[in-house]
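# A closer look at the structure
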Amino acid sequence: MARRTARDLRNENRFEVLHALFERGPSTRQELTRHTGLSAATVATVVTEFVVEEVLEIATVEKNTVGRPYERLAINPVRGRIVGVDVAETYVDATVFDMALGVMGHAEVALDEYKNDPEYVVDGITRVVRAALDDAGITDPETLLGAGVSLPGHVHPDAGVSVFAPNWDWNDVRIEELLEAGLGIPVYVDNPLKAIAVAELWFGAGRAADSLAVVNLGTGVGAGVAIERSLIRGAANNAGEWGHTLLQLDGRPCRCGRRGCVEAYLGVHGLQITLADIAPEHPALRTTGQSEFVQAVAAGLASGEPDPDLATLVDRTAHYLAAALGDLVNLLDIPRLTLTGWTTRALAPWLVPAVRAELPAHVLPGSRADVTVAASEVPGNPVAVGMAAFALERFLVTLGLAGPASSRPVRRRAADR
C-alpha cells in the first residue's frame, strides 16, 4: 500500500467538506466541523480554498440574538455545468447537471444493438449530449466543465481507452480521444459499475452503509463494490465483473466465451432463454428488442390476471439471482445489496420480494442477519450521476483541489488530526 502523504490528507479533508455539503445542503462552518469530525481550523482552510475558486458560495448570512452573524455555505451551482452519460448496448442517456449536481437537462437516444462500430457509438453519444445541452438551454461551451461517459466492458480511465467490450467486439479503442474531438470538452471515461457505486455512496445506500454492492441488471450484469467506503477497482479497473463469475458449471454459453456465467442467466438474453424453456411460444419472445421484451414481461405481470408463465420466469430468475448474490455476500461479507439498472426498474415490484425471500438460504449464518437487499433509491439515472461525480473530481484536479470521488471518507476524530 502506498504511503499516505500530507497532500493525500488535504485532498481527503477537501472531499469530506464537499461531500458533507452534498449530503446536508447549506451549512455553517461549525456544522461542517461537527459533521465531518475535522478540526475547525481545517474546515476554515478548506472552505477558504473552495470559496476562492468559486466552488462554494455564501448562501445566506444569518444573525444570532447575540454575537456575530454566521454564514451558510453551499456548493455554487453556477460555477459550471457537467454532463453525465450512460452508454449501454441499446441506448445512450445524457443528463446535464449544475455544479451542485442538480439536473438541468436530459436526453436519450436508442442504439441499434446490432451496430457497434466506434464511429456509430461516438455519433450517438455526441448527438445525445448536444440534445441534453439544448434541453438545458446551454449555448455557451465555456460553461461546460466536462463530461463523464460510462461504457460497458473493461475501461481503463487513466488511458481513456475501452480495453474490451465483448458485446461490441471492441479492443483498445481510444474512446476518450474520439469523444473529446467530437464534443470539444474534457471527457472522463469509466465503467458503469464504478459509476453506480459512486452514485450509491454519494446519494443512496452509502449514506448509511460503510460497505455495499450495487448490482446492475440489464443487457449485461455486474456489481459495483465499496468496502469501508472505498470503491474497489482492482489492479486493472476490472473489479466487479460478477456477471462473469460461475453460476453453473458447463451451463449456458456466455458472450464472454465461457459457459455458465451469472450473466447468461440474469442478463436480458438469459431471461429470454429462461422464458423460452418455460413457454417456447410465449408472445413476449416475439418482441423486437431487449427493452421491449422486459417491458412486455412487466406489463404481463402487472395485468389484472398475472401471466403464470411470467410469474414462473420471475421465480426462476429470483432463484438464480439469490444464489449469485449469496456468493457475493459470502465472499466479501457485504451487508447491503442494492439492485439497479433498467431491468431492475421494470421488474423490481416482483423480483425484489422474491429475492429477499430466498437470499437467506444462500448466505452463511454469520452474515445472514445483517444482509439487506433493495432497489436503488438514487434519483434519476445512477450511472449518469456517478459519471458526473467523476467529471467533477476531474475538474477539481485541474484546480488543484482534487478529492476522491470514488470513496466516502472515514470520519476521523479531531484527536486523530
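Provided above is the structure to which this section pertains.
Residues numbered from 1 in each chain as written. Predicted model: local features only at pLDDT ≥ 70, side-chain atom pairs only at ≥ 80, totals over all residues. Heavy atoms only, no water.

## Comments concerning the sheet that holds strand 10 (residues 187-190)
Judged by pairing direction, the sheet is mixed, and its 5 strands sit side by side in the order 5-4-3-6-10 without closing on themselves. Taken across any chain shown, the strands that pair with only one partner, and hence form the sheet edges, are strand 5 (103-110) and strand 10. Pairs of neighbouring strands in the sheet enclose a mean axial angle of 15 degrees, with direction left out of account. Bridge count for strand 3 (residues 81-87) against strand 6 (residues 144-150) is 6 bridges, and the pairing is parallel. Bridging across to strand 6, V85 finds its partner in V149. Of the strands in this sheet, strand 6 and strand 10 are in contact with helix 5 (residues 175-183), which crosses strand 10 at around 145 degrees. The strands that helix 13 (residues 382-398) touches are strand 3, strand 4 (91-98), strand 6 and strand 10; relative to strand 3, the one it contacts most, it runs at about 135 degrees. (Pairing = 2+ DSSP bridges. Helix = DSSP H or I, 4+ residues; strand = E, 2+ residues; numbered from the N terminus. Axes fitted to C-alpha atoms, helices over the stretch in contact; angles between N-to-C directions. Contact = heavy atoms within 4.5 Å.)

## Here we look at the nonpolar core
Grouped together as the largest cluster of nonpolar side chains are 52 residues, with contacts concentrated most on W242, F293, L321, L325, L337 and L347. Every element with two or more residues in this core is listed here: strand 11 (212-217), strand 12 (221-227), helix 7 (263-266), helix 8 (268-278), helix 9 (290-302), helix 10 (308-332), strand 14 (336-340) and helix 11 (342-358). Broken down by element, the residue count for this core peaks at 11 residues, all from helix 10. Within the second largest apolar cluster, 48 residues are counted, among which are F15, M99, V198 and F395. (Core = buried A, V, L, I, M, F, W, Y, C linked by side-chain atoms within 4.5 Å. Buried < 20%, exposed > 50% of the residue type's maximum accessible area, 1.4 Å probe, protein only.)

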